[in-house]
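Geometric and topological summary
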Amino acid sequence: MSERAPDGRRARQAPLGAGDTVLVTGAAGGIGRYVVGACVDAGLRVIATDRVPFADDRAAGCPVGDIRDADFVASCLLGPDGPVAGVAHLAAIPAPGQVSEEETLDQNVLGSFVVLQQAGRHGVRRVVLASSVSAFGLAWADRDLSPRYVPVDEDHPTMAVDCYGLSKVLAEEVAAFSTRRWGLPTVCLRFPFVGTGDRLTGQLARVHEDPGGHRRDLWAWLDTRDAARAVRAGLTEPLSGHHVISVSADDTSALQPTEELLRAHHPDSRLTRRLPAHSAAFDNTRAREILGFRPHHPWRDERPPHTG
């Protein structure tokens, strides 16, 4: 006998607001710590979980466990003082090569499936999942690939030939399935390189020294504080259904103008609109229109021009 989605799908359209509880998975990670702070600043109550022991005084609880364990996830969603209203699902293997390909798929795909199905069963109102521009298939490919067109938007087909990119594509499919199955609003945020402070400074130095070496990621970047704001917006903005949204800075991490970089490294990619100065090669339209999101933390002295 198949399970039925719980009643009250209309109630699931309500965004999270002050006083609601959000479960943050991967809370001890580089983005997770900032997401905890962004949620607390918005008046949300946070349950922070990770698979390694950690402590965060801003959280109401810090349970430790494996997101592939359905019973553990269910216990987190019950919350110490009532059920969780939203989930920021950040727990994942963050890059290829850290574990085997099989483990990467297990953690990133099965882990997402367990979290989202438990969220559906427990009446969660919103799930935001950290995806990656790697879902487009360029960043970690074992060969040179170029996008069909630039700026790259979310409708661009995946070209993934690496298992990490595949894991992100499949995790997004899990989210879409969960929306269909449970009426659970889901937001998948495709992040590029994310960093701040020394991490960002190091990345910028590498790109400036060898811009060609970063042709596969299209010189995209995002400050960690802005990534956390995007997750918070995914939880708190009014929306319904399933959404895949690219979120990057409005400029590149390179010193050369964007169109010059594209001519040099992706000459066969079709330019669908002008990209003046250092404009981003990823289209941020959905982030602006659906989440009301614009990055606040540029690395240049001046913000890049708005290109529509």
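Our subject in this report is the structure included herewith.

1. Some thoughts on the nonpolar core
Note that soluble globular proteins tend to have their nonpolar side chains buried in a common cluster. Val24, Leu189, Phe191, Val231 and Val247 are the most contacted members of the largest nonpolar core, which totals 35 residues. Broken down by secondary-structure element, the contributors of at least two residues to this core are β1 (21–25), α1 (32–41), β2 (45–49), β4 (126–132), β6 (186–191), α6 (224–236) and α8 (285–291). The element that contributes the greatest number of residues to this core is α6, accounting for six residues. Excluding residues within four positions of it along the chain, Val247 makes contact with Leu189, Arg190, Phe191, Pro192, Leu222, Ala230, Asn284, Ala287 and Phe293. Core analysis: the second largest hydrophobic core is formed by 25 residues, Ile47, Val73, Val84 and Val115 among them.

2. Thoughts on the sheet that holds strand β9 (residues 242–246)
One open sheet holds the six strands; their spatial order is β2-β1-β3-β4-β6-β9, and the pairing between them is parallel. Each of the sheet's edge strands pairs with one partner strand only, and the pair in question is β2 and β9. With strand direction ignored, the average angle separating the axes of adjacent strands in the sheet is 15 degrees. The pairing of β6 with β9 spans five bridges and is classified as parallel. Each residue of the ladder has a partner; that of Thr186, found in β9, is His242. This element, helix α3 (residues 101–121), spans β3 (86–89), β4 and β6 of the sheet and lies at about 175 degrees to β3.

3. Examining the pairing of β2
The buried count for β2 comes to four of five residues, which makes it a mostly enclosed element. Bridge count for β1 against β2 is five bridges, and the pairing is parallel. Each residue of the ladder has a partner; that of Val22, found in β2, is Val46. Handedness of the crossover joining β1 and β2 through α1 is recorded here as right-handed.

4. Quick word on the packing of α1 against α6
One can describe the packing of α1 onto α6 by two numbers: an axis separation of 8 Å at closest approach and a directional angle of 50 degrees. Relative to α6, the element α1 lies oblique. In this structure, α1 meets α6 at a crossing whose hand is right-handed. Contacts between α1 and α6 involve Tyr34, Val35, Ala38, Cys39 and Asp41 from the former and Thr224, Arg225, Ala228, Val231, Arg232 and Leu235 from the latter. When the residues that make up the contact of α1 with α6 are grouped by side-chain class, the tally is seven nonpolar, one polar and three charged.

The rules behind each value
- Residues numbered from 1 in each chain as written.
- Predicted model: local features only at pLDDT ≥ 70, side-chain atom pairs only at ≥ 80, totals over all residues.
- Heavy atoms only, no water.
- Core = buried A, V, L, I, M, F, W, Y, C linked by side-chain atoms within 4.5 Å.
- Buried < 20%, exposed > 50% of the residue type's maximum accessible area, 1.4 Å probe, protein only.
- Helix = DSSP H or I, 4+ residues; strand = E, 2+ residues; numbered from the N terminus.
- Contact = heavy atoms within 4.5 Å.
- Pairing = 2+ DSSP bridges.
- Axes fitted to C-alpha atoms, helices over the stretch in contact; angles between N-to-C directions.
- Right-handed = clockwise from strand over helix to strand, strands pointing away.
- Parallel < 35°, antiparallel > 145°, perpendicular 65-115°, else oblique.
- Left-handed = near helix turned anticlockwise from the far one by under 90°.
- Nonpolar A, V, L, I, M, F, W, Y, C, P; charged D, E, K, R; others polar.

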